[in-house]
Amino acid sequence: MTRVALINPNWKFDGSIYFGCRSPHLPLELGITQHHLAQAGHPTLLLDAHMFDLALSDVEAELRAFRPDLVVVTTAPTYLFWRCAPPELRVPQQLAHALGGLATLIAVGPHGSTTPRTALRKLAADIVVMGECEHALLRIANGEREFAGLAWRDGEAIRVTGGPQAVDFAAQPPLVWPAEMIRRHHHHHHRFEAEPVGPGAEVEASRGCPYSCTFCAKENFRNHYRKRPVDSILQEVDSLRRQQVEYIYFVDEIFLPNTELLEGLTSRGLKFGIQTRIDLWKPAMLELLGRAGCVSIEAGVESLTPEGRAALAKNCRMSTDALADRLVEARRHVPFVQANLIEMPQDDDPSVQRWRARMQDAGVWANDPVPLFPYPGSPDYRKLWGEPDDFAWERAHHHYLSMFDQFSDVQEGRPMPLNALELQVA
């Protein structure tokens, strides 16, 4: 029997490159892990410091009372899509340093998946899990230490066994969350809503993505596309409804059209939001999406020229005008539709601003194009520098800041240099 504490830190994003909703979200990977550990008889403590706004001293007190053998800390908010996660480790660093020596420290998440040695060093962790963590953490709790997908300290040396691992996501059980977590969860479903919808929750209907856009580093974290059975998803949704949840955000890397799921949601009376590609949705499916309760679509358009989309390997067969028409069609059925744009040299700014105005007139919001961050492990990073090394995050962050003088309207200010964000580790 191993006592395992699972911690989602109290995330702070000031000065980060991250641009998005900062409301607390349910830590899904930790919830799945807790289920597997409990099934195997291991006592667990899931501590969501972000949801409960806990100070480091509060977390430390909870852990000392629990007396864990293993402490698991996430290296990026578990609800963030990998390509949007902050590149810095300041929040988990602060937590890891405060908990130093309390128990065996395990880091999970995208940073360790791409640069395991750096994560071990910066967090002073004992073990890093590369890839999806749920089954690996169960194996560690069961006493295993040497299997593919781990990095750990072996005296003064660091050992790495294989690369990132995936899980049998299709077998994920319906999750049940404590009532107090649901009560505290009031979620903004898009950035213009004056008041948050609540109670809210997140659900994962699929994991991974069948596409290979150049800016996405999913290969090192969540690559292979897998779907959960619709019955399992709807069981989880029904459990959330019994807890008076009003809004769900599907955190799928890409929410693909699914007639069975959408028809099942039509009778549930819930609002929900998704992230998707608009070129995958035909008008009839958009009508069903709206009827099922969708109130928010974030659609990855990325570039307004065929050349720009080709440079990003979008594999999009629709013209820009056809994409615009499909966004307008989506807006007929869904109250908020956003077209996500990336700063691309193939797109001239006057044309972009005219297109944004055209979309705004049709009720569709398109962001001022976002500078592209070359995430370590992504094709864009490898094109510039090859495979990530121990200084990949610093290199990518410096490049990002040096390339752009003006940032997007979805960012709150110019990001700070990485060494100004992170704690300095000797």
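If you're wondering where the values come from, they're calculated on a predicted model, not measured in any experiment.

(A) Here's a closer look at the packing of aromatic side chains. Under the counting rule described, the total for this entry stands at six aromatic pairs. For the ring pair Phe 255 and Trp 281, a centre distance of 6.4 Å and an interplane angle of 5 degrees mean the geometry is stacked. Remark: Trp 281 occurs in the loop between strand E12 (271–276) and helix H10 (283–292) and Phe 255 occurs in the loop between strand E11 (247–250) and helix H9 (259–265); sequence separation between them is 26 residues. Across this residue pair, the class does not change: Phe 255 and Trp 281 are buried. Centre to centre, the rings of Tyr 381 and Trp 385 are 4.9 Å apart; their planes meet at 55 degrees, and the pair counts as tilted. With Tyr 381 and Trp 385 both in helix H14 (residues 379–385), this residue pair falls four residues apart, about one helical turn. Relative accessible area serves as the criterion here: at 31%, Trp 385 is assigned to the partly exposed category. Aromatic ring contacts, followed pair by pair, group Phe 250, Phe 255, Phe 272 and Trp 281 into a single cluster. A cation over an aromatic ring shows up here: Arg 139 above the ring of Phe 147, its NZ or CZ 4.0 Å from the ring centre.

(B) Seen up close, the packing of H10 against helix H12 (residues 320–333). It is the contact of H10 with H12, at a shortest axis distance of 8 Å, that shows an interaxial angle of 30 degrees. One way to sum up the angle between H10 and H12 is to call them roughly parallel. As H10 packs across H12, the resulting crossing turns out to be right-handed. Residues Pro 283, Leu 286, Glu 287 and Gly 290 of H10 lie in contact with H12, whose contacting residues are Arg 326, Glu 329, Ala 330 and His 333. Residue classes in the contact of H10 with H12 are distributed as three nonpolar, two polar and three charged.

(C) Expanded view of the layout of surface pockets. The space that makes up the second largest pocket amounts to roughly 410 Å³. Lining of the second largest pocket is provided by 15 residues; of these, Met 344, Pro 345, Leu 372, Asp 380 and Leu 384 occupy positions nearest its centre. Every element with two or more residues in the lining of the second largest pocket is listed here: H14 and helix H15 (392–403). In terms of residues, the lining of the second largest pocket owes the most to one element, H14, which gives three residues. For the lining of the second largest pocket, the per-class residue count stands at nine nonpolar, three polar and three charged.

(D) Focus on the sheet that holds E12. In spatial order, the strands read E8-E11-E12-E13-E14-E15; together these six strands make up an open sheet with parallel pairing. Each of the sheet's edge strands pairs with one partner strand only, and the pair in question is strand E8 (200–203) and strand E15 (365–366). In terms of strand pairing, E12 meets strand E13 (residues 294–302) through five bridges, oriented parallel. Residue pairing in the sheet places Thr 276 in a bridge with Ala 299 of E13. Strand contacts of helix H8 (residues 230–242): E8 and E11, with the helix running at about 170 degrees to E8, the strand carrying the most contacts.

(E) Spatial organisation of helix H1 (residues 28–39). Taking 1.5 Å of rise per residue, the twelve residues of H1 would be expected to cover 16 Å, and the 17 Å separating its terminal C-alpha atoms lies within 8% of that figure. Considered for burial, the residues of H1 that qualify are Leu 28, Glu 29, Leu 30, Gly 31, Ile 32, Thr 33, His 36 and Leu 37. Those residues of H1 that are buried lie in contact with strand E1 (4–8), strand E2 (44–48), strand E3 (70–74), helix H6 (134–141), E8 and strand E9 (206–207). A positive phi of about 90 degrees marks Gly 41, the residue just after H1.

(F) Here's a closer look at the sheet that holds strand E4 (residues 104–108). Strand order in the open sheet formed by seven strands is E2-E1-E3-E4-E5-E6-E7, with mixed pairing between adjacent strands. Looking at strand neighbours, the two that pair on one side only are E2 and strand E7 (157–161), the edges of this open sheet. Mean inter-strand twist for the sheet, computed between neighbouring axes without regard to direction, equals 20 degrees. Bridging between strand E6 (residues 150–154) and E7 involves five bridges; their strand directions are antiparallel.

(G) Focus on the state of the cysteines. Taken as a whole and judged by the stated rule, the model has zero disulfides. Here Cys 213 is not disulfide-linked; the sulfur of Cys 209 is the nearest cysteine sulfur, at 6.4 Å. Of all cysteine sulfurs, the one in Cys 209 lies closest to Cys 216, which takes part in no disulfide; the gap is 6.6 Å.

(H) Layout of the nonpolar core. Counting residues in each nonpolar core, the largest one holds 76 residues, and the members touching the most others are Phe 250, Leu 262, Phe 272 and Leu 327. Every residue in contact with Phe 250, bar those within four places of it in the chain, is listed here: Val 203, Ala 205, Ile 233, Phe 255, Leu 265, Phe 272, Gly 273 and Ile 274.

(I) Expanded view of the pairing of E3. Counting buried positions along E3 yields five of five residues, so the element is predominantly enclosed. Because side chains alternate across E3, one face comprises the buried residues Leu 70, Val 72 and Thr 74, and the other comprises Val 71 and Val 73, equally buried. The sheet contact formed by E1 and E3 spans four bridges and is parallel. Counted as the bridge partner of Ala 5 is Val 71 from E3. Of the pairings in the sheet, the one linking E3 to E4 comprises five bridges and is parallel in character. Each bridged residue has a counterpart across the sheet, and for Val 71 the counterpart in E4 is Leu 105.

(J) Structural context of the pairing of E11. Of the two faces of E11, the one holding Tyr 247 and Tyr 249 and the one holding Ile 248 and Phe 250 are both buried throughout. Judged from the three bridges that link them, E11 and E12 form a sheet pairing that is parallel. Across the sheet, Ile 248 pairs through a bridge with Phe 272, a residue of E12.

(K) How the structure looks around the environment of Glu 298. Here Glu 298 shows up in strand E13. Along the chain, Glu 298 and Ala 119 lie 179 residues apart, while their C-alpha atoms are 31 Å from each other. In contact with Glu 298, not counting residues within four places along its chain, are Tyr 249, Ile 274, Gln 275, Thr 276, Gln 338 and Asn 340. A polar atom in the side chain of Glu 298 sits 2.7 Å from the side chain of Tyr 249.

Rules used in this analysis
- Residues numbered from 1 in each chain as written.
- Predicted model: local features only at pLDDT ≥ 70, side-chain atom pairs only at ≥ 80, totals over all residues.
- Heavy atoms only, no water.
- Phe/Tyr/Trp six-rings, centres within 6.5 Å; stacked < 30°, edge-to-face > 60°.
- Helix = DSSP H or I, 4+ residues; strand = E, 2+ residues; numbered from the N terminus.
- Buried < 20%, exposed > 50% of the residue type's maximum accessible area, 1.4 Å probe, protein only.
- Lys NZ or Arg CZ within 6 Å of the ring centre and 35° of its normal.
- Axes fitted to C-alpha atoms, helices over the stretch in contact; angles between N-to-C directions.
- Parallel < 35°, antiparallel > 145°, perpendicular 65-115°, else oblique.
- Left-handed = near helix turned anticlockwise from the far one by under 90°.
- Contact = heavy atoms within 4.5 Å.
- Nonpolar A, V, L, I, M, F, W, Y, C, P; charged D, E, K, R; others polar.
- 1 Å grid on protein atoms, 1.4 Å probe; cavity = no way out; pocket = protein on both sides within 12 Å on 5 of 7 lines; lining within 4 Å.
- Points joined across faces, edges and corners; volume = space filled by probe spheres on them.
- Pairing = 2+ DSSP bridges.
- Expected span 1.5 Å × (residues − 1).
- Disulfide = S-S within 2.5 Å.
- Core = buried A, V, L, I, M, F, W, Y, C linked by side-chain atoms within 4.5 Å.
- Polar contact = N/O pair within 3.5 Å; in protein donor to acceptor, adjacent residues only side chain to side chain.

Taken by themselves, the reported measurements are silent on function.
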